[in-house]
Structures are given as C-alpha cells and as structure tokens.
Amino acid sequence: MTSLDSLPKGFRFPPTPVDISPDWVRQYLEATDDKASDSDTVPPMALAALAIRTLLNNARLPEGAIHAGQELECLAPVQAGQRIVVAAEIISKGERAGWQLLTVRMEVADGAGERVMTGRATLSMPVR
Amino acid sequence: MAVFEVVAGAELPQLKREITQDKINRYALVSGDGNPIHTDPEFAARSAFEGTVAHGMLVLAYLSEMLTIAFGNRWPQSGRLKIRFRGPARPGDTVTAGGKIEKIEGGRASCSVQCCNQSGEVLISGEAEINLP
C-alpha cells in the first residue's frame, strides 16, 4: 500500500461510503468509556475516527508518524445505522527540522450528499 | 441541555478517565488503528516513547464526552474544535478533560479546552465553539 508521505499535495482520496452500524457505535462507546452520549447519535470523535480509518485504508502511515493536530466542525448529527461518505485531500505538505508536516482535509457527507462534518488532520513524520 | 451556568468565565465540568492497556487495545480494535506504538509493548519500548501510548483520538474522545456533558446535543450538532496533541497519554495515567468559557458572542460559546495527566502535563489543548440556544 502507498505510504501517505509519498503522496503529493493536492492528492484526493476517492469518496468512500461507510455504513455505521449500531453495533459499531455501541462498541465505540464502550471502548471510549463514553457514558454521556446516547447510542443513537454517532459521537463527533467516532465520525472523525471513521474518517481517518477510511483514509488509512487507502494509504498507510509511515513508521514514526504522529497525529499532531485535529480540527473539526460538526454540521449535522449522524444517527447510528446511517450511511456516510468520506472524502479527503492532502492540502499541505512541508518540512521543518527533519519532520514532514502533512495536512489532510476530510469531508463527511450523509447518504444524500449533505455535509455532516468537515475536518483537518495534521500529521508529522520523520523525513525519509 | 447544559448542566452548568453558561456564562463567560465558567469552568466546564471536568471528566476523569484512567488509561489502561486494555482500553488502548479495545480502541485499536474499534478504530482500526493497530499501530504497534499503541498495542505492542516490545515494539513501543524501542520507540522514542519508550512504551505504549494511547491513541490521540482516544484521549480526544474524553474531551468530546466532556463537551457533551457540558452542552448536550448542541456539541455534536453544531460544535467546532481545533486542538493540538502536545504529549502522550500512557497506561496508568489519569486523564482530566476540562475547559473554560472564554467568551459568548454571536450566539456561540468560545471555550478553551484541554486534557492533562495526573502530573498536570498538558496532553491536548485547543479551542471549542458551540452554538447556544
């Protein structure tokens, strides 16, 4: 699989549909000890985690990569059982002090194409 | 519905969670992030972290839960978050998520937010905004 750091700025990952099963949401809530969220609504960080997982199904993280920062904006609640579509693009790529900094913009839409979340993940990894 | 008084200067209700290797392993399974830095003690011992560390997104989930406790469904419906991961959380750590309402303007609450470990070291810091009724 292609390493994320070998992809150029402007690279777009293909929109990928993901069905969020109620069982997965329940497992996520258990894994994160989340006692505040109801199991019908997908927590924002679960959506973000799914978006990142979808991204990493297309390109692997190089060894030593660190998740340096995260931005997200919630636009609409997502219900368990709903289908989402995750799209992503590498929007910046640079180097600083022996580390490569890479920012990926992610957009999550519902099955009708309406955006439900946008976000940016900043990753840093040793320059190879 | 908020469970505290939503005014500028108010502290957000704190949330404490213990990090264990079992919790990290469960998060690795559910998130699909099986990076050995999180799950393989022998591999992680040879890394710069000198041991396994929790996924940043697991610690961030605690901060998100804290915002849900503070603001209810307004957080997943209208929230914005911008954070930096500043340090690793390790098995045995107790993470405290908290924050403060810095200002209320234009129908939105702007908050500083953070997660710290039991030594007060900042693991995550940043800003959150939530629409108010």
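Residue positions are given per chain, counted from 1 along the sequence in the order it is written. Each chain gets a letter, beginning with A, and each ligand a number, beginning with 1, in the order they are written. Side-chain atom pairs in this predicted model are given and counted only at pLDDT of 80 or more, local residue features only at pLDDT of at least 70, and totals for whole chains, interfaces and linings cover all residues.

Engineer: When you look at the overall build of chain A in this model, what are you seeing that I'm missing?
Structural biologist: Within chain A, the secondary structure is distributed over 2 helices and 5 strands. Each helix is a run of DSSP H or I of at least 4 residues and each strand a run of E of at least 2, with the numbering of both proceeding from the N terminus. Along chain A, from the amino end to the carboxyl end, the secondary structure elements read β-α-α-β-β-β-β. The reference for a compact globule is 2.2 Å times residues^0.38; the radius of gyration itself is calculated from the C-alpha atoms. The C-alpha atoms of chain A give 15 Å as radius of gyration, which agrees with the globular expectation for 128 residues (14 Å, within 12%). By the convention adopted here, residues are in contact when the distance between their C-beta atoms, placed from the backbone, does not exceed 7 Å. Restricting the contact set of chain A to residue pairs at least 6 apart, pairs at least 24 apart contribute 74%.

Engineer: So what exactly am I meant to see when it comes to the interface of chain B and chain A here?
Structural biologist: Interface size, as often reported, equals the accessible area lost upon joining of the parts. With 29 residues of chain B at the contact, the number on the chain A side is 26 residues. Mapped by element, the contributors of at least two residues to the side of chain B that touches chain A are α1 (21–31), α4 (56–71), α5 (74–78) and β2 (80–85) of chain B. In terms of residue count, the dominant contributor to the side of chain B that touches chain A is α4(B) (9 residues). Of the residues in the side of chain B that touches chain A, the class split is 12 nonpolar, 10 polar and 7 charged. One bridge is not enough; two strands pair if DSSP finds at least two bridges between them. Examined bridge by bridge, strand β2 (residues 66–74) of chain A and β2(B) share 5 bridges and lie antiparallel to one another. When the sheet's bridge partners are listed, A:Gly69 is paired in β2(B) with B:Arg84. Residues are grouped as follows: Ala, Val, Leu, Ile, Met, Phe, Trp, Tyr, Cys and Pro are nonpolar; Asp, Glu, Lys and Arg are charged; all remaining types, including Gly, are polar.

Engineer: Can you walk me through the packing of helix α2 (residues 44–56) of chain A against α4(B) in this structure?
Structural biologist: Helices that pack against each other are described as a pair by the angle of their axes relative to one another and the distance between those axes. Note on definitions: angles span 0 to 180 degrees between N-to-C directions of axes, and those axes are lines fitted to C-alpha atoms, for helices only across the stretch in contact. The N-to-C vectors of α2(A) and α4(B) enclose an angle of 155°; their axes lie 9 Å apart at closest approach. By the angle between their axes, α2(A) is roughly antiparallel relative to α4(B). Remark: the crossing between α2(A) and α4(B) carries right-handed chirality. Listed contacts from α4(B) to A:Pro44, A:Met45, A:Ala48 and A:Ala49 of α2(A) are B:Met57, B:Leu60, B:Ala61 and B:Ser64. Of the residues in the contact of α2(A) with α4(B), the class split is 7 nonpolar, 1 polar and no charged. Angle categories: roughly parallel below 35 degrees, roughly antiparallel above 145, roughly perpendicular from 65 to 115, and oblique for all the rest. Crossings are classed by handedness, with left-handed meaning an anticlockwise turn of the near helix from the far one by less than a right angle and right-handed meaning a clockwise turn.

Engineer: Which parts of the structure should I look at to understand the sheet that holds strand β3 (residues 83–96) of chain A?
Structural biologist: Backbone hydrogen bonds are what pair the strands of a sheet, in a parallel or an antiparallel way. Reading across the sheet, the 10 strands line up as β1(A)-β3(A)-β4(A)-β5(A)-β2(A)-β2(B)-β5(B)-β4(B)-β3(B)-β1(B) and stay open at both edges, with antiparallel pairing between neighbours. Pairing within the sheet leaves two strands with one partner each, and these edge strands are β1 (12–19) of chain A together with β1 (15–18) of chain B. Across this sheet, the average inter-strand angle for adjacent strands is 15°, counted without regard to direction. Where β2(A) and strand β5 (residues 115–126) of chain A come together, 8 bridges link them in antiparallel fashion. Within β5(A), the residue paired with A:Glu73 across the bridge is A:Thr118.

Engineer: Explanation requested: helix α1 (residues 22–31) of chain A in the structure shown.
Structural biologist: In an α-helix, one turn spans 3.6 residues, which is why side chains three or four residues apart end up on the same side. Exposure classification rests on a simple neighbour count of other C-beta atoms within 10 Å of a residue's own: a residue reaching 20 or more is buried, one at 12 or fewer is exposed, and one in between is partly exposed. C-beta atoms are placed from the backbone. Of the residues making up α1(A), those classed as buried are A:Val25, A:Tyr28, A:Leu29 and A:Ala31. Looking down the long axis of α1(A), one finds its buried residues gathered within 165° of arc, a one-sided arrangement. Check the buried side of α1(A) and you find it contacts α2 of chain A together with α1 of chain B. By construction, the arc corresponds to the directions joining the helix axis to the C-beta atoms.

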